[in-house]
Amino acid sequence: MESSWSSSPERVEPRFGEGALPPPRERPDPLARSLAEPRFEYAGFWQRAVALLIDWLIVIVIAMPIIVVTFGADYFSLDPVRRSGDLVIAAIVGAIVVGFWRYCGATPGKLAVGVRIVDAATGAPPTTLRLVIRLLCYFVSALPFYLGFLWAAFDRRKQGWHDKIAGTVVIQEPD
């Protein structure tokens, strides 16, 4: 008695679409994807520098009158007692910056030059925690003679140290 699994010519294998299972799909290798060429164009050093200049001009134009009205012109003296509001002002400006990054994808300066901040691994908007880490890491980038910011001029992905630590990149807005 011959088995039904024999290789007899009468047995015909079903073709795709006629009851056969489709071939298994290959899963993308996440490591291979991360090593692939970038999916977007990174913002250059000078473009980021212009964006920073625009942002600081906005902060100065808005913050200076508020500081003078709140603390008086004596605030700008070198007396440490008069400078006690610096930490509060820095916290307010920092919260505003993180808010812009979170809800607009960029600060007004970055929006003006057509760039935004994204998660380096996915290209999606970064989480709020990642953005707070990015802001706090500005101190890391600034401490050794602003070398962490200058690093973006030479880095392949145009990342400053704060971007590398936080896992973010600054990219061109798609047209």
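The coordinates are above.
Note that this is a predicted model, so its numbers are computed, not measured.

Engineer: Please clarify how the overall build of the protein chain should be interpreted in this entry.
Structural biologist: Scanning the protein chain for helices and strands turns up eight helices and two strands. Its helices and strands taken in sequence order, the protein chain reads α-α-α-α-β-α-α-α-α-β from the N to the C terminus. Out of the 175 residues belonging to the protein chain, those deemed buried represent 26%. Pairs at least 24 apart in sequence give 62% of the contacts found in the protein chain among residues at least 6 apart. For the protein chain, the exposed area adds up to about 12700 Å²; of that, 68% sits on carbon and sulfur atoms.

Engineer: Would you explain the environment of Tyr103 in this entry?
Structural biologist: Along the chain, Tyr103 falls in helix 3 (residues 86-104). Along the primary structure Tyr103 and Pro125 are separated by 22 residues, whereas in three dimensions their C-alpha atoms are 9.2 Å apart.

Engineer: Looking at this model, I keep getting lost on the pairing of strand 1 (residues 115-119). Mind explaining?
Structural biologist: Two faces, one strand: in a regular strand the side chains alternate between the faces of the sheet. In terms of burial, strand 1 is a largely internal element, four of the five residues being buried. Here five bridges tie strand 1 to strand 2 (residues 168-172), and the two strands are oriented antiparallel to one another. Its bridge partner lying in strand 2, Val118 is registered against Val169.

Engineer: Explanation requested: a nonpolar patch on the surface in the structure shown.
Structural biologist: Together, Leu52, Trp56, Ile60, Met64, Val68 and Phe76 give the surface a local cluster of nonpolar side chains, amounting to about 520 Å² of exposed area. Topologically, Leu52 is positioned in helix 2 (residues 45-71).

Engineer: Any chance you could explain the packing of aromatic side chains here in plain terms?
Structural biologist: For any pair of aromatic rings, geometry is given as the distance between the ring centres together with the angle between the planes. All chains considered together, the criterion is met by eight aromatic pairs. Between Phe45 and Trp46, the aromatic rings sit 5.0 Å apart at their centres with planes inclined by 75 degrees, giving edge-to-face as the arrangement. For Trp46, a relative accessible area of 66% corresponds to the exposed category. The interplanar angle of 85 degrees and the centroid separation of 5.5 Å between the aromatic rings of Tyr75 and Phe76 together place this pair among those described as edge-to-face. A relative accessible area of 3% places Tyr75 in the buried class. Arg134 extends its terminal NZ or CZ atom over the ring of Trp101, reaching a point 4.7 Å from the ring centre.

The rules behind each value
- Throughout, a residue's number is its position along its own chain's written sequence, starting from 1.
- Local features in this predicted model are restricted to residues of pLDDT 70 or higher, and side-chain atom pairs are both shown and tallied only at a pLDDT of 80 or more, whereas totals for entire chains, interfaces and linings draw on every residue.
- With hydrogens and water stripped out, all remaining heavy atoms of the structure feed into the side-chain values.
- Only runs of H or I of at least four residues qualify as helices and only runs of E of at least two qualify as strands under DSSP, and these elements are numbered from the N terminus.
- Buried residues are those whose accessible area, probed at 1.4 Å on protein chains only, stays under 20% of the maximum for their type, while exposed residues exceed 50% and partly exposed ones sit between those limits.
- Contact criterion: two residues are considered in contact whenever any of their non-hydrogen atoms come within 4.5 Å of each other.
- Reported accessibility uses the Shrake-Rupley method at a 1.4 Å probe radius. Residues are deemed covered only where the shown protein chains occlude them.
- Here a strand pair is declared whenever DSSP counts at least two bridges between the two strands.
- Patch building starts from residues that exceed 30% relative accessible area and form no salt bridge, then joins like charges within 9 Å and nonpolar side chains (Val, Leu, Ile, Met, Phe, Trp, Tyr) within 5 Å.
- Criterion for a salt bridge: a side-chain nitrogen of Lys or Arg within 4 Å of a carboxyl oxygen of Asp or Glu.
- Put simply, two rings from Phe, Tyr or Trp (the six-membered ring, in Trp's case) pair if the centres are within 6.5 Å, and we call them stacked under 30 degrees between planes, edge-to-face over 60, tilted for the rest.
- By the criterion adopted, a ring carries a charge over it if an Arg CZ or a Lys NZ lies within 6 Å of its centre and within 35 degrees of its normal.

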